[in-house]
Amino acid sequence: MAPSWWGRGSGGVSNGGGTPVVVKMENPNWSISEVEAEVAPGSPAGAGKVGRGKNARQITWVLLLKAHRAAGRLTGAASAALAIASAARRRVAAGRTDSDVAPGESTALRTRFYGCIRVFLVLSLLLLAVEVAAYLQGWHLEAPSLSLLAVDDLFTASYAGWMRVRLEYLAPPLQFLTNACVVLFLIQSIDRLVLCLGCFWIRLKGIKPVPQAAGKADVEAGADDFPMVLVQIPMCNEREVYQQSIGAVCNLDWPKSNFLVQVLDDSDDATTSALIKEEVEKWQREGVRIIYRHRVIRDGYKAGNLKSAMNCSYVKDYEFVVIFDADFQPQPDFLKRTVPHFKGKDDVGLVQARWSFVNKDENLLTRLQNINLCFHFEVEQQVNGAFLNFFGFNGTAGVWRIKALEDSGGWMERTTVEDMDIAVRAHLKGWKFLFLNDVECHCELPESYEAYRKQQHRWHSGPMQLFRLCFVDIIKSKIGFWKKCNLIFLFFLLRKLILPFYSFTLFCVILPMTMFVPEAELPAWVVCYIPATMSILNILPAPKAFPFIVPYLLFENTMSVTKFNAMISGLFQLGSAYEWVVTKKSGRSSEGDLVGLVEKHSKQQRVGSAPNLDTLTKESNPEKDSKKKHNRIYRKELALSFLLLTAATRSLLSAQGIHFYFLLFQGVSFLVVGLDLIGEQVE
């Protein structure tokens, strides 16, 4: 109700014959509605018109209410800013940086890279001080004319010498590097545009892989109608998710006599291994053909684990092998929707399903990852599969013909991207790949920046290792000339090497440098219009994420530091290129899956083997309070943040509007990531 001091009467405000204004106080917003005054019988006809006119007092109250609403919003924004500042203060006070690494983790390249950025930052601060002093002298900064400077003191002579150096020695090579990066940027943008047009054509024509003969898939079909399938679940210390993946795989709709599940456990934690083994034994009592394998020595990581499992004697009895990572939950009809695509197509070696994410709306980091991966599957994988019959195997949620694996040399531990390695070797042997965009497999996205950063480092260093190792094999292979060009120039060079190179160099190095060397120009359309257009194209497969288009553009440029660092380490075989860290899982989908699993067991009235929900939930989501949570400060990102903000300040002196806003927001983006304010906390 309205406050009593607003006027007489029942909560209304009136003045003579004016229009009453009813004010509803609803926290946090107030709403205003007008109530027409009733005209008393016998009143003059014009009295109603006079009564409906707003007087000065009513307008004043309306303006006061709007001001109150604006003040409330400002208060909310201030509270959020204070919360962020408090979190940043805690990060700085804790003093934990990315230099605090795990035992055995290489830091040489990271330290050198950070040192270069720090030197660059110090120089930019010195140059900013010089430029500010020159600006106060009234000298023109965009196109300096040496003839206008009277050399009458030491500072003037020094500044004149600096202008001569940057005009004659710094600007030409910087402009050449700028033009080269712009050309690479345009080539990559054209490649992305062609992929989007290909995706549009696929949708327009309804192009998708169709099995030649799906065979009998109903309950009356005999076991002879279903080929023998081996299902592998590699895992390592993934206590949060092992139950949901094992449960989902064991409930696949396929004759139990025609598929075998291998749980390939590389865990070095005895408790986790015991829990996984107990889960396997429980499903064995259910009648599922499932085997538990544990390696004490984790040679070759995931590739070594899969290679060891394929060496089992009973593998020769199976025709296909399916791989699911520990956080993947296939639908019961997964095999019936994928395996039939091999029938009558002896040259098909791989059928890949797309991923869908159970935690895509968990935080800003997962939303931005979802944009990237939706484009990867919807556009890149689908277009390459439809027109080239080749794409990079995603490492999970795929069905391999075992003959294709053996013909390609099997799993190799030579890189950290064993999935891409086997895909390239199979392609060189002439095997074709199919991508099913309508078959989805649920999984998780990394919810912390630390986990995502390590994942991206592995995904971008591995391809460069592989390119070094297989370049000669590509040249010597018997595939067609255009397929070789696609592998070398598009698959490896453009999308794996050039993309992180120009993203980092153009927006994190060249753009700040052009602020201090204005003789080298970076056009506004390169800074703003083309990146915005590319971001719109990237976000089309995930239309609900359009409100996050600006954070997505800024975050992609922020991640270019990690990707560039990983690309360099992989290309030159530096120590960090061989680091393998299992992506941290949260197991947020475990409880819902377990509820469904218990309901299914209850309906089937199975005795003595139904899982206990409370026990499973407790095991799947262990208490996290026993471990202290902490975040890290990322020095490279912080140094680049200060560098970009310094360049933004310099751009104000030259009145470069678009460049200023881009540098400002990009600097803030680096600051947010550098203080680990994006994503969940890390245990």
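Residues numbered from 1 in each chain as written. Predicted model: local features only at pLDDT ≥ 70, side-chain atom pairs only at ≥ 80, totals over all residues. Heavy atoms only, no water.

Looking at this model, I keep getting lost on the overall build of the protein chain. Mind explaining?
Counting its regular elements, the protein chain contains 19 helices and 11 strands. Residues classed as buried in the protein chain amount to 50% of the 683 residues present. A fraction of 79% describes how many contacts in the protein chain between residues 6 or more apart in sequence connect residues 24 or more apart. For the protein chain, the computed accessible surface area is about 32,600 Å², with 60% contributed by carbon and sulfur atoms. (Helix = DSSP H or I, 4+ residues; strand = E, 2+ residues; numbered from the N terminus. Buried < 20%, exposed > 50% of the residue type's maximum accessible area, 1.4 Å probe, protein only. Contact = heavy atoms within 4.5 Å. Areas by Shrake-Rupley, 256 points an atom, 1.4 Å probe, with all protein chains shown as cover.)

I'm lost on the packing of helix H14 (residues 524–539) against helix H15 (residues 549–571) in this one. Help?
A pair of packed helices is captured by two measures, namely the crossing angle of their axes and the spacing between those axes. Axis separation between H14 and H15 bottoms out at 10 Å; the angle between their running directions is 110 degrees. When the interaxial angle is binned, H14 and H15 end up roughly perpendicular. Facing Pro531, Ser535, Ile536, Asn538 and Ile539 of H14, the residues of H15 in contact are Ile549, Tyr552 and Leu553. Taken together, the residues of the contact of H14 with H15 break down into 6 nonpolar, 2 polar and no charged. (Axes fitted to C-alpha atoms, helices over the stretch in contact; angles between N-to-C directions. Parallel < 35°, antiparallel > 145°, perpendicular 65-115°, else oblique. Nonpolar A, V, L, I, M, F, W, Y, C, P; charged D, E, K, R; others polar.)

What am I meant to see in the nonpolar core here?
Here is a general trend for soluble globular proteins: nonpolar side chains tend to be buried in one another's company. Core analysis: the biggest nonpolar cluster contains 84 residues, and Ile246, Trp400 and Phe492 have the highest contact counts within it. A per-element tally of this core places strand E11 (residues 432–443) first, with 7 residues. (Core = buried A, V, L, I, M, F, W, Y, C linked by side-chain atoms within 4.5 Å.)

Where do I start with unusual backbone geometry in this structure?
Outside of glycine, negative phi angles account for most residues, and trans bonds account for most peptide bonds. Positive phi, normally seen in glycine, also occurs at Ala397, with a value near 60 degrees. By relative accessible area, Ala397 is classed as buried at 0%. At Asp676, a residue that is not glycine, the phi angle is positive and equals roughly 55 degrees. For Asp676, the location among the structural elements is in the segment after helix H19 (657–674).

Even after reading the chapter, I still don't get the packing of aromatic side chains, so can you show me in this structure?
Given two aromatic rings, one states the distance between the centres and the angle between the planes to describe the pair. As enumerated under the stated definition, the model contains 25 aromatic pairs in all. Aromatic pair Phe390 and Phe433: ring centres 5.9 Å apart, planes at 40 degrees, arrangement tilted. A residue pair is termed long-range when its members are at least 10 positions apart, and Phe390 in the loop between helix H9 (364–387) and strand E10 (398–401) and Phe433 in strand E11 qualify at 43 residues. Assessed through its relative accessible area of 0%, Phe433 is described here as buried. Aromatic side chains Tyr449 and Tyr634 sit 5.0 Å apart centroid to centroid with 80 degrees between the ring planes, which places their arrangement in the edge-to-face category. With Tyr449 in helix H12 (residues 449–476) and Tyr634 in the loop between helix H17 (613–620) and helix H18 (635–653), this residue pair connects regions lying 185 residues apart in the sequence. Using a relative accessible area of 0% as the deciding quantity, one classes Tyr449 as buried. According to the relative accessible area criterion, Tyr634 is buried, its value standing at 0%. (Phe/Tyr/Trp six-rings, centres within 6.5 Å; stacked < 30°, edge-to-face > 60°.)

How do you make sense of the environment of Phe342 when you look at a structure like this?
Here Phe342 lies in the loop between helix H8 (334–338) and strand E9 (348–357). Spatially, the C-alpha atoms of Phe342 and Val399 are 9.5 Å apart, while their sequence positions differ by 57 residues. Ignoring anything within four residues of it in the chain, the contact list for Phe342 reads Phe320, Val348, Gly349, Leu350, Val351, Val399, Trp400 and Arg401.

Sorry, what's going on with the pattern of salt bridges here?
Side chains bearing opposite charge may pair, as long as their charged atoms lie close to each other. Inspection of the entire model under this criterion finds 20 salt bridges. Notably, a salt bridge pairs Asp438 with Lys208, separated by 3.9 Å at the nearest N-O pair. With Asp438 in strand E11 and Lys208 in the loop between helix H4 (154–205) and strand E4 (229–235), the pair connects residues that are 230 residues apart, well separated along the chain. (Salt bridge = Lys/Arg side-chain N within 4 Å of Asp/Glu carboxyl O.)

Would you mind going over the sheet that holds E11 with me for this structure?
Paired through their backbone hydrogen bonds, the strands of a sheet run either parallel or antiparallel. Here 8 strands make up an open sheet; going across it, the order is E6-E5-E4-E7-E10-E9-E11-E8 and the pairing mixed. Each of the sheet's edge strands pairs with one partner strand only, and the pair in question is strand E6 (290–294) and strand E8 (329–330). Strands in contact with helix H5 (residues 242–250) are E4, strand E5 (259–265), E6 and E8; relative to E4, the strand with the most contacts, it is inclined by about 175 degrees. (Pairing = 2+ DSSP bridges.)

Help me out: how do you make sense of the pairing of E9 in this one?
One face of the sheet, then the other: side chains in a regular strand alternate in exactly this way. Taken across its 10 residues, E9 has 10 buried, putting it largely inside the fold. Sheet topology note: the E9/E11 ladder contains 9 bridges and is parallel. Bridging from a neighbouring strand, Ser356 pairs with His442 of E11.

Quick question: what am I supposed to make of the packing of H12 against H15 here?
Close contact between H12 and H15 brings their axes to 7 Å; oriented N to C, the two are set at 40 degrees. Considered as vectors, H12 and H15 are oriented oblique to each other. Crossing handedness for the pair H12 and H15: right-handed. Between H12, through Tyr449, Tyr452, Arg453, Gln456, His457, His460, Ser461, Met464, Gln465 and Arg468, and H15, the contact on the second element is made entirely by Phe555, Met559, Thr562, Lys563, Ala566, Met567, Ser569, Gly570 and Leu571. (Left-handed = near helix turned anticlockwise from the far one by under 90°.)

Mind showing me how you'd approach the side chain of Ser503 here?
Locating Ser503 in the fold gives a position in helix H13 (residues 481–516). Ser503 sits in the buried class, given a relative accessible area of 12%. Those residues in contact with Ser503, other than ones at most four positions away along the chain, are Cys508 and Ser560.

Before we go on, may I ask you to explain helix H7 (residues 301–310) in this structure?
Side chains three or four residues apart in an α-helix point the same way, a direct result of the helix having 3.6 residues per turn. Among the 10 residues that make up H7, 7 are buried, leaving the element largely enclosed by the rest of the structure. Buried within H7 are the following residues: Lys302, Ala303, Gly304, Asn305, Leu306, Ala309 and Met310. Packing partners of the buried residues in H7 comprise E4, E5, E6, strand E7 (320–323), helix H10 (402–407) and helix H11 (418–428).

Where do I start with the environment of Ala133 in this structure?
For Ala133, the location among the structural elements is in helix H3 (residues 108–136). Residue Ala133 is classed as partly exposed on the basis of its relative accessible area of 28%. Each C-alpha atom of the pair Ala133 and Phe155 lies 9.5 Å from the other, and the pair is 22 residues apart in sequence.

So what exactly am I meant to see when it comes to the pairing of E11 here?
Alignment of E8 against E11, held across 2 bridges, turns out to be antiparallel. Considered in E11, the bridge of Gln329 is made with His442.

Is there a simple way to think about a nonpolar patch on the surface in this case?
A contiguous nonpolar patch, built from Phe200, Trp201, Leu204, Ile207, Phe387 and Leu388 and spanning about 600 Å² of accessible area, is present on the exposed surface. The element best represented in the nonpolar patch is H4, accounting for 3 residues. With respect to the element layout, Leu204 can be found in helix H4. Owing to a relative accessible area of 52%, Leu204 belongs among the exposed residues under this scheme. (Patch = residues over 30% accessible without salt bridge, like charges linked within 9 Å, V, L, I, M, F, W, Y side chains within 5 Å.)

Explain the state of the cysteines to me, please; I cannot follow it from the model alone.
A covalent bond between the sulfur atoms of two cysteines is what we call a disulfide. The final tally for this structure, using the stated rule, is 0 disulfides. In this structure Cys441 is not part of a disulfide, and its nearest cysteine sulfur, from Cys443, lies 6.9 Å away. Since its relative accessible area comes to 0%, Cys441 is described here as buried. (Disulfide = S-S within 2.5 Å.)

Sorry, what's going on with the confidence of the model for the protein chain here?
Caution applies to low-pLDDT parts of the model: their predicted coordinates are not meant to be read in detail. Mean pLDDT over the protein chain works out to 81, with 76% of the residues at or above the 70 mark. Low confidence marks residues 214–219, where pLDDT is under 50. Its contacts with residues over four positions away, or in another chain, come to 7 contacts. (pLDDT = per-residue confidence, 0-100.)

Looking at this model, I keep getting lost on the environment of Phe320. Mind explaining?
Its place among the elements puts Phe320 in strand E7. Of the residues examined, Phe320 reaches a relative accessible area of 3% and is grouped as buried. Considering only alpha carbons, one finds Phe320 and Ala404, 84 residues apart in sequence, at a separation of 9.5 Å. Those residues in contact with Phe320 that lie beyond four places of it in its chain are Pro227, Met228, Val229, Leu230, Val339, Phe342, Val399, Trp400, Arg401 and Ile402.

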